[in-house]
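Spelled out from the first residue to the last, the chains are:
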There are 6 protein chains.
Amino acid sequence: MPYVDIKVAGTLTREQKAKIAEEITDTLERIAKKPKSYTYITFTEVAGENWAVAGDLLDSD
Amino acid sequence: MPYVDIKVAGTLTREQKAKIAEEITDTLERIAKKPKSYTYITFTEVAGENWAVAGDLLDSD
Amino acid sequence: MPYVDIKVAGTLTREQKAKIAEEITDTLERIAKKPKSYTYITFTEVAGENWAVAGDLLDSD
Amino acid sequence: MPYVDIKVAGTLTREQKAKIAEEITDTLERIAKKPKSYTYITFTEVAGENWAVAGDLLDSD
Amino acid sequence: MPYVDIKVAGTLTREQKAKIAEEITDTLERIAKKPKSYTYITFTEVAGENWAVAGDLLDSD
Amino acid sequence: MPYVDIKVAGTLTREQKAKIAEEITDTLERIAKKPKSYTYITFTEVAGENWAVAGDLLDSD
């Protein structure tokens, strides 16, 4: 029963999300022996204004 | 002090969210003895393109 | 595909968790039409030292 | 390696988010000795329809 | 700046976690062009008593 | 109604957590006009074996 939440700054294309989901689900099956149907993955695309590193929003100049 | 985060694939109507929040808050009061005013609930509605099960995005054909 | 994460301050008995999971899964089936087998629920029991309200840890005097 | 997720009901201006990120990153450096570059902060602005307290959605009358 | 949180029912060995982290970080670099050093991954191992599917705790008989 | 979740690699002392909670609650009151009593903060201390950066667990040699 893995649940994986992936937060990224910016956006991903549908194709990128499809490929990432496929690979991570495969990784969890091969390495952790989790049946593919058990794995839920969610993507959250975060605007630069809503993500800070080192105290600065990512859309800062 | 319960904090409950509910992620659903797709959307819910306002009426569904109101009823779900009411019932879960009641459940936590009856079963866990948490005063209703202590319970925070957030809903996150996730597009099919952002939720994968078994390695496939939910909006896949 | 609901995923529900429940954080509570302090602990719950196994019986409380079983009953809460049963009721919330039922709520999501009745109100949101989510098949029971789709619903994942996790519980996180948080020590008073790790939860603050109004700026004070819950285990403060 | 702190990761801080801040959920607020309603919205914040970019200026509020920039200042909050700056202060929290500073707090974690001063108090917890975490280098500023290690700290990731994300903001999630939650509509009143998606946040309930005491069993009522925040946009209830 | 990806942040990935992996919740699994039960436990993983250190070797499993090391390999999963390596593969997911590689996936995000190849597919999403995220530099490896940007990716934070956390693992949360959840006891069967704290994870329910279909309304039943996973350690139920 | 802010809810803040702070994940740190390693541990914090109770004194560090108390001071961090106090400062963040104050920040949210001053900058975002959130009454102190509305702010919930949780701390999650993550073992090095459960946190990876750049594909390596933090307790790697």
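Residues numbered from 1 in each chain as written. Chains lettered and ligands numbered in written order. Predicted model: local features only at pLDDT ≥ 70, side-chain atom pairs only at ≥ 80, totals over all residues. Heavy atoms only, no water.

Trainee: Is there a simple way to think about the interface of chain A and chain B in this case?
Mentor: At the junction of the two partners, chain A supplies 16 residues and chain B supplies eleven residues. For the chain A and chain B pair, buried surface summed over both sides reaches about 1,100 Å², with 54% attributable to carbon and sulfur atoms. In this structure, E49 of chain B engages K17 of chain A in a salt bridge whose closest nitrogen and oxygen atoms are separated by 2.9 Å. Our enumeration of links across chain A and chain B arrives at eight residue pairs in polar contact (both at pLDDT 80 or more). Residue assignment for the side of chain A that touches chain B shows that the elements contributing at least two residues are β1 (3-9), α1 (14-32) and β2 (40-46) of chain A. Counting residues per element, the side of chain A that touches chain B draws most heavily on α1 of chain A, which supplies six residues. Of the residues in the side of chain A that touches chain B, the class split is six nonpolar, four polar and six charged. Pairing geometry for β2 of chain A and strand β3 (residues 51-53) of chain B, over three bridges, is antiparallel. (Contact = heavy atoms within 4.5 Å. Buried area = accessible area lost by both parts, 1.4 Å probe. Salt bridge = Lys/Arg side-chain N within 4 Å of Asp/Glu carboxyl O. Polar contact = N/O pair within 3.5 Å; in protein donor to acceptor, adjacent residues only side chain to side chain. Helix = DSSP H or I, 4+ residues; strand = E, 2+ residues; numbered from the N terminus. Nonpolar A, V, L, I, M, F, W, Y, C, P; charged D, E, K, R; others polar. Pairing = 2+ DSSP bridges.)

Trainee: What is the right way to read the sheet that holds strand β4 (residues 56-57) of chain B from this model?
Mentor: Pairing between the strands of a sheet is mediated by backbone hydrogen bonds and can be parallel or antiparallel. Ordered in space as β4(B)-β3(B)-β2(A)-β1(A)-β1(E)-β2(E)-β3(F)-β4(F), the eight strands form an open sheet in which the pairing is mixed. Edge positions in the sheet fall to β4 of chain B together with β4 (56-57) of chain F, since each of these pairs with one other strand and no more. Pairing analysis gives two bridges linking strand β3 (residues 51-53) of chain F to β4 of chain F, with the strands arranged antiparallel. By the bridge assignment, A52 of chain F is partnered in β4 of chain F with L57 of chain F. Relative to β2 of chain A, α1 of chain A is tilted by about 140°, and along the sheet it contacts β1 and β2 of chain A together with β3 and β4 of chain B. On the sheet, helix α1 (residues 14-32) of chain E packs against β1 (3-9) and β2 (40-46) of chain E together with β3 and β4 of chain F and is oriented at approximately 140° with respect to β2 of chain E. (Axes fitted to C-alpha atoms, helices over the stretch in contact; angles between N-to-C directions.)

Trainee: Is there a simple way to explain unusual backbone geometry in this structure?
Mentor: All names here are of chain B. For A54, which is not glycine, the phi torsion reads 60° and is therefore positive. Following the sequence through the fold, A54 ends up in the loop between β3 and β4. Of the residues examined, A54 reaches a relative accessible area of 29% and is grouped as partly exposed. (Buried < 20%, exposed > 50% of the residue type's maximum accessible area, 1.4 Å probe, protein only.)

Trainee: Before we go on, may I ask you to explain the pairing of strand β1 (residues 3-9) of chain B in this structure?
Mentor: Every regular strand shows the same layout, with side chains that alternate between the two sheet faces. Counting buried positions along β1 of chain B yields seven of seven residues, so the element is predominantly enclosed. The alternating pattern of β1 of chain B places Y3, D5, K7 and A9 of chain B on one face and V4, I6 and V8 of chain B on the opposite face, and all of these are buried. Looking at chain direction, β1 of chain B and strand β2 (residues 40-46) of chain B are connected through seven bridges and run parallel. Within the sheet, the bridge partner assigned to D5 of chain B lies in β2 of chain B and is T42 of chain B. Each parallel crossover has a hand, and the one from β1 of chain B via helix α1 (residues 14-32) of chain B to β2 of chain B is right-handed. By the bridge criterion, five bridges tie β1 of chain B to strand β1 (residues 3-9) of chain C in an arrangement that is antiparallel. Within the sheet, the bridge partner assigned to I6 of chain B lies in β1 of chain C and is V4 of chain C. (Right-handed = clockwise from strand over helix to strand, strands pointing away.)

Trainee: I'm lost on the interface of chain A and chain E in this one. Help?
Mentor: Accessible area lost during the coming together of the parts is what is often quoted as the interface size. In this assembly, 24 residues from chain A lie in contact with 24 residues from chain E. Between chain A and chain E the total buried area reaches about 2,100 Å² when both faces are included, carbon and sulfur atoms providing 68% of it. Considering only the side of chain A, the residues that lose the most area to chain E are M1, E23 and I31 of chain A, jointly responsible for 26% of the buried surface there. Between the two partners, chain A and chain E, sit two salt bridges. Here E23 of chain A makes a salt bridge to R30 of chain E, at a shortest N to O gap of 2.6 Å. Counting across the interface, chain A meets chain E through eleven residue pairs in polar contact (both at pLDDT 80 or more). Of all the secondary-structure elements, those providing two or more residues to the side of chain A that touches chain E are β1, α1 and β3 (51-53) of chain A. In terms of residue count, α1 of chain A provides more of the side of chain A that touches chain E than any other element does, ten residues in total. Class assignment for the residues of the side of chain A that touches chain E results in 16 nonpolar, two polar and six charged.

Trainee: How should I be thinking about the relation of the copies chain A and chain E in this particular structure?
Mentor: Between the two copies of the chain lies a rotation about an axis combined with a shift along it. For the pair chain A and chain E, the superposition axis carries a translation of 0.0 Å, the fit reaches an RMSD of 0.0 Å, and the rotation angle comes to 180°. Put plainly, the chains are arranged around a two-fold axis. Of the C-alpha atoms belonging to chain A, the one lying closest to the rotation axis is found on D5 of chain A, 2.7 Å away. Interface residue correspondence from chain A to chain E reaches 100%, placing this contact among same-surface, isologous pairings. (Least-squares fit on C-alpha atoms with pLDDT ≥ 70 in both.)

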